[in-house]
Amino acid sequence: MRARYVTCSQARSRPPLDQGAEQGNWTAEDRRLEQGCEHISLQLESVMESIAEAVVVANLQGEVLMINRAALALLGRESPEQLDVPLSEFEKEFALFDLNGQEVPPQARPLARALREQYVDYELKVVNRRTSRCWVGTFNGVTVYDKTGEAILVVVTVRDITERKHLDQELRSVKEQLQTITENMSIGVVQCNRERRLIWSSVAYAHWIGRDPAELVGQPLVEVLGEEAYRLIEPYIDHVLTGERTEYELRLNMKDIGERWVTGKYIPTFDAAGQPDGWVAVVYDITDQKRIAEELKQSRDHLEQRVAERTAELSWALSTLRVEAQQRSRAEEELRDKEQMLIQQSRMAVMGEMIANIAHQWRQPLNVLGLLAQDLEFSYKANSLTAEYIEMSVAKILDSIRHMSKTIDDFRNFFKPGKERVQFKIQEPVRRALSILEGTLTAQRIEVSVVAGSDPVLSGYPSEMAQAIINIIANARDALVERQVPDPRITIELPEEEGKGLVVITDNAGGIPEDIIDEVFAPYFTTKPEGTGLGLYISKVIIESMDGSLTVRNVDGGTEFRITLSR
């Protein structure tokens, strides 16, 4: 009859003796044996439930006789009653693989080997076909024999080592990374034991002292460094072996590499009992840094000396510069004054022409005034003077006077220099220039056309800009008259351009000879017998004082002057 599947606690509830026995037939020895079995059962239960391993006890037919809770959990069962088949059948729910990934055949499984009285001790990967859970375990199995040497039971224990395997793998990975780092880093690292022997060396440290890492392992530190260097660092070794960190910076006379400046940091290591059993040393060769620091100190001392000398030189130079700056400031002020004087001289140079313009523009209104005066006198003598006629005559007289007054204002504004920058529209100086030159342009039958594409607001000196435009138009007028152009024309364009104000003045006087066109803005350069050579030079100075530019080029049949100002 198949044995019942029981846990340890359930084993205690089994009948003490055979069900057919009557307690009245028990002897004292029977009761003593029953009590001994009960005591052993309690001990066995305590042991099995207290250990972490899964434990399964089965007979030779593979039927479970006893199982602890850890084993039930691994098998995915909550109670032994769920194990209603022999363990060999129940095992089929699990696929077992060795650590190379090969599936374990049925005859090589732990229970099968234990039932064949073979010792079981290996690691396997387990996959639960029902739940797909995967884990790694160590399997141990032994056969239990009776007094006659006959096998009666098998005991299989299993420990889930999945987490330990993961930790081992992570540890190996960390060790490999650490080894890669230490082998490739440029600083020297060594590990020593309590006996003051090297047990590990980084490649950098070994190469630093001219040795191979493998030959350093096991060497006494005093033999690696030399006695003189070892004596200097021995107090630090004594200190780190007390379990405390320490560090130093020393000049050591090393055995194989001579005198070097070295910094060392010692970190203690501990055994399982928490006692210092050695140290890890991180060593830096700072000889080059020390040499550089010394050179820097010498350079700094030399530099400080040079700075002191140079400071004295600069102090003298600064005093000289202040004097020169004051002189330059006075020179610039004088230059500005001379420029203003040149501008004023340029105005005065055209004074005669301006008077001629005034005379021309006043001639017509003066004629009108004369005719009106004569007509008034004649009407008075003829007794034909009426109130309506007087009002009409007075209106004509006042209109002529206003025209003459406006002419005077235009010329007066032209001769009044601007001191401060003001906002003005670009058409204003163009209109003012044409108003002043209107008489002479009309007298020479020169056609003037203005193409006003835009009227942007600029910042600058409108009177001075009007003078610059007058100079350019007057030059064009003179060239047209001198060359007797049949159809003389001057065109003034105000094209639109983003962020800029433009005035383009073009004539049809045939252009400027190429060999002198680059010199027309030079002061005192002129091709006219009675010219001053200041007109175009002053125009360029004025435009540039307003952060603008004045350029010239020959175009088809004439010359183009272009004024460009920023808004």
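Residues numbered from 1 in each chain as written. Predicted model: local features only at pLDDT ≥ 70, side-chain atom pairs only at ≥ 80, totals over all residues. Heavy atoms only, no water.

### Some points on the overall build of the protein
Then, number 1: When its secondary structure is counted, the protein shows 16 helices and 19 strands.
Then, number 2: By the burial criterion, 36% of the 567 residues in the protein qualify as buried.
Then, number 3: Long-range pairs, those at least 24 residues apart, make up 57% of the contacts in the protein between residues at least 6 apart in sequence.
Then, number 4: Summing over all exposed atoms, the protein offers an accessible surface of approximately 34200 Å²; the carbon and sulfur share of this is 52%. (Helix = DSSP H or I, 4+ residues; strand = E, 2+ residues; numbered from the N terminus. Buried < 20%, exposed > 50% of the residue type's maximum accessible area, 1.4 Å probe, protein only. Contact = heavy atoms within 4.5 Å. Areas by Shrake-Rupley, 256 points an atom, 1.4 Å probe, with all protein chains shown as cover.)

### A word on the environment of I286
Then, number 1: Here I286 lies in the loop between β11 (276-285) and α11 (287-349).
Then, number 2: Overall, I286 belongs to the buried group, its relative accessible area being 12%.
Then, number 3: Separated by 26 residues in sequence, I286 and R260 have C-alpha atoms that sit 7.7 Å apart.
Then, number 4: Sequence-distant contacts of I286, defined by excluding residues within four places in its chain, comprise E249, W261, V262 and T263.

### Some thoughts on the sheet that holds strand β3 (residues 94-97)
Each strand in a sheet pairs with its neighbour through backbone hydrogen bonds, running either in the same direction (parallel) or in the opposite one (antiparallel).
Then, number 1: Pairing is antiparallel across the open sheet formed by 6 strands, whose spatial order is β2-β1-β6-β5-β4-β3. Both outer strands of the open sheet, β2 (64-67) and β3, are each paired with one neighbouring strand and no more. Mean inter-strand twist for the sheet, computed between neighbouring axes without regard to direction, equals 30°.
Then, number 2: As paired elements, strand β5 (residues 134-145) and strand β6 (residues 151-160) share 9 bridges and run antiparallel to each other. Each bridged residue has a counterpart across the sheet, and for T138 the counterpart in β6 is R159. (Pairing = 2+ DSSP bridges. Axes fitted to C-alpha atoms, helices over the stretch in contact; angles between N-to-C directions.)

### Overview of the sheet that holds strand β10 (residues 258-270)
Then, number 1: In spatial order, the strands read β8-β7-β11-β10-β9; together these 5 strands make up an open sheet with antiparallel pairing. Taken across any chain shown, the strands that pair with only one partner, and hence form the sheet edges, are β8 (198-201) and β9 (246-254). Put simply, the sheet's adjacent strands are angled 30° from each other on average, direction ignored.
Then, number 2: Taken together, the 9 bridges between β10 and β11 define a ladder with antiparallel strand orientation. Among the inter-strand pairings, T263 is bridged to a residue of β11, identified as Y284.
Then, number 3: With respect to the sheet, helix α10 (residues 227-240) is in contact with β9, β10 and β11, its orientation differing from that of β9 by roughly 165°.

### What about the nonpolar core?
Then, number 1: M465, I473, I490, V503 and I563 are the most contacted members of the largest nonpolar core, which totals 45 residues.
Then, number 2: Elements with a minimum of two residues in this core: α14 (427-443), α15 (462-482), β15 (489-494), β17 (500-507), α16 (535-545), β18 (549-555) and β19 (558-566).
Then, number 3: For this core, the element with the highest residue contribution is α15, accounting for 9 residues.
Then, number 4: The contact partners of I563, leaving out residues within four places of it in the chain, are M465, I469, I472, G501, L502, V503, I543, S549 and L550.
Then, number 5: Core analysis: the second largest hydrophobic core is formed by 25 residues, C192, A206, Y230 and L252 among them. (Core = buried A, V, L, I, M, F, W, Y, C linked by side-chain atoms within 4.5 Å.)

### Notes on unusual backbone geometry
Then, number 1: Of note in the backbone geometry, R196 takes a positive phi value of approximately 65° without being a glycine.
Then, number 2: Examined against the element boundaries, R196 turns out to sit in the loop between β7 (188-193) and β8.
Then, number 3: Within the chain, Q484 stands out as a residue other than glycine whose phi angle is a positive 50°.
Then, number 4: For Q484, the location among the structural elements is in the loop between α15 and β15.
Then, number 5: Exposure remark for Q484: the relative accessible area of 67% places this residue in the exposed category.

### Quick look at the packing of aromatic side chains
Then, number 1: Summed over the entire model, instances satisfying the criterion amount to 6 aromatic pairs.
Then, number 2: Considering the side-chain rings of W135 and F139, the 6.4 Å spacing of their centres and the 25° angle between planes classify their relative orientation as stacked. The burial state of W135 is the same as that of F139; both residues are buried.
Then, number 3: The interplanar angle of 85° and the centroid separation of 6.3 Å between the aromatic rings of F521 and F561 together place this pair among those described as edge-to-face. Of this pair, F521 sits in the loop between β17 and α16 while F561 sits in strand β19, and the two are 40 residues apart along the sequence. For the residue pair F521 and F561, the accessibility class agrees, reading buried in each case.
Then, number 4: Aromatic ring contacts, followed pair by pair, group Y236, Y248, Y266 and W279 into a single cluster.
Then, number 5: Taking the ring centre of W261 as reference, the NZ or CZ of K290 above it sits at 4.5 Å. (Phe/Tyr/Trp six-rings, centres within 6.5 Å; stacked < 30°, edge-to-face > 60°. Lys NZ or Arg CZ within 6 Å of the ring centre and 35° of its normal.)

As far as function goes, none of this settles anything; it's purely spatial.
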